Amino acid sequence: METKNLSSFRRTVIGVQFLFVAFGATVLVPLLVGLDPATALFTAGIGTFIFHLVTKGKVPIFLGSSFAFIAPIIAASKQWGMPGTLAGIMGVALVYFLMSALIKWQGRKYLNRIFPPVVIGPVIILIGLSLSSSAVDMAKTNWMLAGISLAVAVTVLTLGKGLIKLVPVVCGIAVGYIVAVCMGEVDFSSVTAAPWIALPSALSDFHLPQFAWKPFFFMIPVAIAPVIEHIGDVYVVGAVAEKDFVSDPGLHRTMLGDGLACLAASFFGGPPVTTYSEVTGAMSITKVTDPKVIRISAMTAIIFSVIGKLSALLQSIPAAVLGGIMLLLFGTIASVGIQNLIRNKVDLSQTRNTIIISVTLTLGIGGAIIGWGDFAMSGIGLSAIVGVLLNLILPREKEEVKHQ
């Protein structure tokens, strides 16, 4: 549906509605990793505008906080602190830039050769499972609250209709929070003290990231999965809008836009951003695919970021409520990795595929660490690199080669 067919009021309402679809996920990431949720809203809005500028305003995509970086940010912050971690996020932007150049030069087929489903699938599974213990630790602070939040999210996800089905996280947190208030588990002192209008920490306490090579290299391998996910999302958005965005404005431009948005997020103290399939789902339901409506969502995110009491309210959510949501969320991410393997018909009877998946998962779940000198690599990053190398080194079986 084109914007000219919508009144200004309806256009605004739909734009705000799209933001609420992405709202829960966008603010949940900073709440879990210790960043300011107001800053995440601000960087999501700014990042979306940057993306639309690079893509000539043609692609209806909203960029929000990426779940793929929850575990790496938590791990990196323990080693190098949040300033160093934010500098490491610049490495994420570098991966997007390199992939953009590679796609421009060689096309998507070359990218698929380096990062096939047999590599990406296990990495996505690890992204989901790597924080499973953290989810349980948060949930067990109050199993009743966690259970209620989880039950509501599951109910909305399975029985919800229309747009409500797209916001299970928001519904789960909202109901869990209300129950927590009734149980006296919420401290409103910070909300009362917070001003109505306040700049997010990105602007009120702006400082450049403290660049360091260790967190920079630590974050680079983790960006592989979101990069591949970005490609898939662009194809899906094109299908919903019935336009070929891969050709116009070009996949290299969408990748560059996402990378520049991640770079901006690191400078302003926000988490890396990524394309949001939730908003794509909302567009599919409403049949509104005009990029101008998405830019209204981005502007709304920026406006919300300066409401001080909203930020304080979000930070008052009990850990158990978030833990209940995480029990579903991280398992869901892992299931996406499994779906990736199934959808792409990865043949597990092929010895090389079994080896790649097995070694990748074992290294990641087992917490393997490889280091030299003062530098060390572990977790998802190490597993992703090993998976890529195994895919390039291991010989392909004859039947598989025939289908290449």
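Residue positions are given per chain, counting from 1 as you read along its sequence in written order. The model is predicted, so local features are restricted to residues of pLDDT at least 70 and side-chain atom pairs to those at 80 or more, both for listing and for counting; the totals for chains, interfaces and linings are taken over all residues. By convention in this description, side-chain values take in all heavy atoms of the structure and omit both hydrogens and water.

An unreviewed UniProt entry annotates the protein chain as Uracil-xanthine permease originating from Prevotella brunnea. One UniProt comment on the protein chain, placed under Subcellular location (unreviewed entry), says "Membrane". UniProt positions are given in the numbering used here, feature names are shortened, and annotations may be inferred rather than shown by experiment. Taken from UniProt, the Sequence similarities (unreviewed entry) comment for the protein chain reads in full: "Belongs to the nucleobase:cation symporter-2 (NCS2) (TC 2.A.40) family."

Asker: Help me understand the overall build of the protein chain in this model?
Answerer: Of regular secondary structure, the protein chain possesses 20 helices and four strands. Radius of gyration means the value over C-alpha atoms here, while the globule rule gives 2.2 Å times the residue count to the 0.38 power. Radius of gyration (C-alpha) of the protein chain: 21 Å, near the 22 Å computed for a compact globule of 404 residues. C-alpha extents for the protein chain along the principal axes are approximately 65 × 50 × 45 Å. Think of it in three bands: with a 1.4 Å probe and only protein chains considered, a residue is buried below 20% of the maximum accessible area for its type, exposed above 50%, and partly exposed in between. Counting all 404 residues of the protein chain, 53% fall into the buried class. By the convention used here, residues are in contact when the closest approach between their heavy atoms is within 4.5 Å. If you take every contact in the protein chain between residues at least 6 apart in sequence, the share linking residues at least 24 apart comes to 83%. Within the structure as shown, the protein chain displays about 17,600 Å² of accessible surface, and the carbon and sulfur contribution to it stands at 66%. In this count, Lys and Arg are taken as positive residues and Asp and Glu as negative ones, while His and the chain termini are left out. Where a charge lies is defined by one atom per residue type: Lys uses NZ, Arg uses CZ, Asp uses CG and Glu uses CD. Taken together, the 26 basic and 19 acidic charged side chains of the protein chain have centroids lying 8 Å from each other. Only DSSP runs of H or I reaching four residues or more are called helices, and only runs of E reaching two or more are called strands; each is numbered from the N terminus. Residue burial considers only the protein chains on display, and all accessible areas are found by Shrake-Rupley using a 1.4 Å probe.

Asker: Explain the pattern of salt bridges to me, please; I cannot follow it from the model alone.
Answerer: Note that side chains of opposite charge can pair when their charged atoms are close. Note on definitions: salt bridges are taken to be side-chain nitrogens of Lys or Arg within 4 Å of carboxyl oxygens of Asp or Glu. As enumerated under the stated definition, the model contains two salt bridges in all. Lys140 serves as the salt-bridge partner of Asp137, at 3.4 Å between the closest nitrogen and oxygen.

Asker: Can you help me understand helix H12 (residues 224-241) in this one?
Answerer: Side chains of residues three or four places apart in an α-helix project in the same direction, reflecting 3.6 residues per turn. Expected helix span is taken as 1.5 Å per residue step, with the number of steps being one fewer than the number of residues. Its 18 residues place the ends of H12 26 Å apart at the C-alpha level, agreeing with the 26 Å of an ideal helix rising 1.5 Å per residue. Every buried residue of H12 is listed here: Ile224, Ala225, Pro226, Val227, Ile228, His230, Ile231, Asp233, Val234, Val237, Gly238 and Ala241. Where H12 terminates, the next one or two residues include Glu242, which has phi positive at roughly 60°.

Asker: Would you mind going over the environment of Val95 with me for this structure?
Answerer: Mapped onto the elements of the fold, Val95 is located in helix H3 (residues 70-106). Since its relative accessible area comes to 8%, Val95 is described here as buried. Distance from Val95 to Ile61, taken between C-alpha atoms, is 20 Å for residues 34 residues apart in sequence. Beyond its immediate stretch of four places on either side in the chain, Val95 contacts Ile220, Ala223 and Val227.

Asker: What am I meant to see in the packing of aromatic side chains here?
Answerer: The geometry of an aromatic ring pair comes down to the distance between the two centres and the angle between the two planes. Centres within 6.5 Å make a pair out of two Phe, Tyr or Trp rings, where for Trp the six-membered ring is used; the pair is then stacked when the planes are under 30 degrees apart, edge-to-face when over 60, and tilted otherwise. Enumeration according to the criterion identifies eight aromatic pairs in this entry. Ring centres of Phe20 and Phe304 lie 5.9 Å apart, and the angle between their planes is 70°; on these two criteria the pair is classed as edge-to-face. Of the two residues, Phe20 sits in helix H1 (residues 8-33) while Phe304 sits in helix H15 (residues 291-305), which places them 284 residues apart along the sequence. One aromatic cluster is present, formed by Phe20, Phe23 and Phe304 through successive ring pairs. Sitting over the ring of Trp196, Lys309 keeps its end group 5.5 Å from the ring centre. Only Lys NZ and Arg CZ are tested; either one counts as a charge over a ring when it is within 6 Å of the ring centre and within 35 degrees of the ring normal.

Asker: Would you explain the packing of helix H5 (residues 117-129) against helix H17 (residues 319-343) in this entry?
Answerer: The relative placement of two packed helices is expressed as an angle between their axes plus a distance between the axes. Think of each axis as a best-fit line through the C-alpha atoms, taken over the contacting stretch in the case of a helix, with angles from 0 to 180 degrees between the N-to-C directions. Relative orientation of the contacting elements H5 and H17 amounts to 170°, with a least axis distance of 7 Å. As the angle between them shows, H5 and H17 are arranged roughly antiparallel. For the pair formed by H5 and H17, the contact residues are Pro117, Val118, Gly121, Pro122, Ile124, Ile125, Ile127, Gly128 and Leu129 on the first element and Phe330, Ile333, Ala334, Val336, Gly337, Ile338, Asn340 and Leu341 on the second. Each angle receives one of four descriptions, namely roughly parallel if under 35 degrees, roughly antiparallel if over 145, roughly perpendicular if within 65 to 115, and oblique otherwise.

Asker: Quick question: what am I supposed to make of the side chain of Ser100 here?
Answerer: The topology assignment puts Ser100 in helix H3. Overall, the relative accessible area of 7% leaves Ser100 in the buried class. What Ser100 contacts, discounting residues up to four positions off in sequence, is His252, Met255 and Leu256.

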